[in-house]
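Next come the chains, spelled out residue by residue.
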Amino acid sequence: MTTTAPAPSDAATEQAWLTRLLLNPGNWQVQHDIRDAADLHRRIMKLVPDGLGDSPRAHAGVLFRLDTDGAGPPVLLIQTRVAPDTGRLPAGYAQAQTRDMRTMLTSLRPGLPVRYRLLGNAVRRCGPNSTVGKWKQVIPLHGDDADQWWAARAAAAGLDLHTVLSEPADALTAWHQRDGGSGPQSPVRGRERQGEAIRVAHSATRFEGAATVRDPDALRNALLHGIGRSKSYGCGLLSLAPGGSGA
């Protein structure tokens with residue numbers, strides 16, 4: 001008797017691209033963009049087609065993260081559900097490499113060891129009886145509270161965590177015009193006015209470590225849609241790498 005392998009889930013057959021931009025720190029446009037998360041978001045959105053409706057970031061599946069280690073040029077990782085056009089970047093802005101993620105998405109299986117990285121907006125919304133803030137106020141989490149935030153979301157994303165290394169990252173700062181024209185606002189560390197602009201800082205925590213895949217479908221969904229809040233400002237992109245011995 002022959003058996004037929006189960007068909008891959010819809011998530012397994014979905015397509016995504018990961019673009020790695022090695023930014024040129026001497027380029028004035030790079031310097032401008034990395035100082036303002038809203039401007040960086042606008043730059044990234046130029047890489048995907050126009051006319052994507054009221055929620056273009058979500059329609060294009062755009063997630064991104066700016067990685068800086070102080071030892072070399074900053075690296076901007078951009079994930080999209082449509083093929084990006086890096087030719088739209090200004091001359092001298094970055095060295096670009098784009099790869100199709102389909103092989104990685106379809107290779108996930110239960111028991112697969114991986115290493116992960118996430119820049120997460122670890123926050124909690126206050127309830128009506130909260131003693132730490134006003135009702136519905138968003139409070140940033142730190143230390144063990146931030147680790148618990150990630151542990152809960154990792155479990156929902158189909159990962160069994162083995163190690164967690166977390167550290168606070170610099171707040172992601174965005175400047176918005178008072179009419180809100182530069183994008184959604186969800187402050188977590190307060191606002192500051194300067195002329196006609198409002199400064200909004202979004203807290204961020206970097207999580208890294210080792211894990212095992214428990215639920216491939218849940219993990220694919222988390223990879224494609226991101227984790228947590230503040231995705232428009234550089235949070236939520238989950239990165240995976242092989243986690244076998246010697247990785």
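About the thresholds
Residues numbered from 1 in each chain as written. Predicted model: local features only at pLDDT ≥ 70, side-chain atom pairs only at ≥ 80, totals over all residues. Heavy atoms only, no water. Helix = DSSP H or I, 4+ residues; strand = E, 2+ residues; numbered from the N terminus. Contact = heavy atoms within 4.5 Å. Pairing = 2+ DSSP bridges. Axes fitted to C-alpha atoms, helices over the stretch in contact; angles between N-to-C directions. Phe/Tyr/Trp six-rings, centres within 6.5 Å; stacked < 30°, edge-to-face > 60°. Buried < 20%, exposed > 50% of the residue type's maximum accessible area, 1.4 Å probe, protein only. Core = buried A, V, L, I, M, F, W, Y, C linked by side-chain atoms within 4.5 Å. pLDDT = per-residue confidence, 0-100.

Visitor: For this particular structure, what's the right way to read the environment of Leu-141?
Guide: When you line up the elements, Leu-141 lands in the loop between β7 (138-140) and α6 (143-156). Separated by 18 residues in sequence, Leu-141 and Val-123 place their C-alpha atoms 5.2 Å apart. Apart from the residues within four sequence positions on either side, Leu-141 is in contact with Ala-122, Val-123, Arg-124, Ala-146, Trp-149 and Thr-205.

Visitor: Honestly, the sheet that holds strand β3 (residues 75-80) in this entry has me stumped. Any pointers?
Guide: Hydrogen bonds between backbone groups are what pair the strands of a sheet, and the pairing can be parallel or antiparallel. Reading across the sheet, the four strands line up as β2-β3-β1-β4 and stay open at both edges, with antiparallel pairing between neighbours. The open sheet has two edge strands, β2 (63-67) and β4 (94-100), and neither has a second partner. This sheet shows a mean twist of 15° between the axes of neighbouring strands, independent of strand direction. In this structure, strand β1 (residues 17-23) lies alongside β4, joined through seven bridges in antiparallel fashion. From the neighbouring strand, Leu-23 faces β4, where its bridge partner is Ala-94.

Visitor: Before we go on, may I ask you to explain the packing of aromatic side chains in this structure?
Guide: In this description, a pair of aromatic rings is defined by centroid distance and the angle of the planes. Counted according to the given criterion, the structure contains three aromatic pairs. Residues Tyr-116 and Trp-150 carry aromatic rings whose centres are separated by 5.3 Å and whose planes lie at 50° to one another, so their mutual orientation is tilted. With a gap of 34 residues between them, Tyr-116 in strand β5 (residues 113-120) and Trp-150 in helix α6 connect regions that are remote in the sequence. Neither residue differs from the other here; Tyr-116 and Trp-150 are each classed as buried. Measuring from ring centre to ring centre gives 6.0 Å for Trp-149 and Phe-207, while their planes differ by 20°; the resulting arrangement is stacked. A residue pair is termed long-range when its members are at least 10 positions apart, and Trp-149 in helix α6 and Phe-207 in strand β11 (residues 197-213) qualify at 58 residues. Across the pair, exposure class does not vary: Trp-149 and Phe-207 are buried alike. Cluster of aromatic residues (ring-pair linked, three or more members): Tyr-116, Trp-149, Trp-150 and Phe-207.

Visitor: What should I look at first to understand the nonpolar core in this one?
Guide: Side chains of a nonpolar character, in soluble globular proteins, are inclined to be buried together. Ranked by size, the top nonpolar core spans 27 residues in total, and within it Trp-150, Leu-159 and Leu-238 carry the most contacts. Elements with a minimum of two residues in this core: β5, α6, β11, α7 (216-225) and β12 (238-242). Ignoring sequence-local partners within four residues, the contact set of Leu-159 consists of Val-114, Trp-150, Ala-154, Ala-211, Thr-212, Val-213, Arg-214, Leu-219 and Leu-238. Listed in part, the 15 residues of the second largest apolar core include Leu-23, Val-30, Leu-40 and Ala-60.

Visitor: How should the confidence of the model for the protein chain be read in this particular structure?
Guide: Detailed reading of the predicted model is not advised wherever pLDDT is low. Summing up the model confidence of the protein chain, the mean pLDDT is 85 and the portion of residues at 70 or higher is 79%. Here strand β10 (residues 191-194) is the element of the protein chain with the lowest mean pLDDT, 48, and strand β8 (residues 159-161) is the one with the highest, 98. Within the model, the stretch residues 1-9 combines pLDDT values under 50 with three contacts to residues more than four positions away or in other chains. This stretch, residues 180-193, has a pLDDT under 50; its non-local contacts, to residues over four places away or in other chains, come to 46 contacts.

Visitor: Sorry if this is basic, but what is going on with the pairing of β1 here?
Guide: β1 sits mainly inside the fold: five of its seven residues count as buried. Judged from the six bridges that link them, β1 and β3 form a sheet pairing that is antiparallel. Across the sheet, residue Thr-19 finds its bridge partner in β3, namely Ile-78.

Visitor: Explain the pairing of β2 to me, please; I cannot follow it from the model alone.
Guide: Remark: a regular strand shows side chains that alternate across the two faces of the sheet. In terms of burial, β2 is largely enclosed, as four of its five residues are buried. Direction of pairing for β2 relative to β3: antiparallel, over a ladder of five bridges. If you follow Arg-65 over to β3, its bridge partner there is Leu-77.

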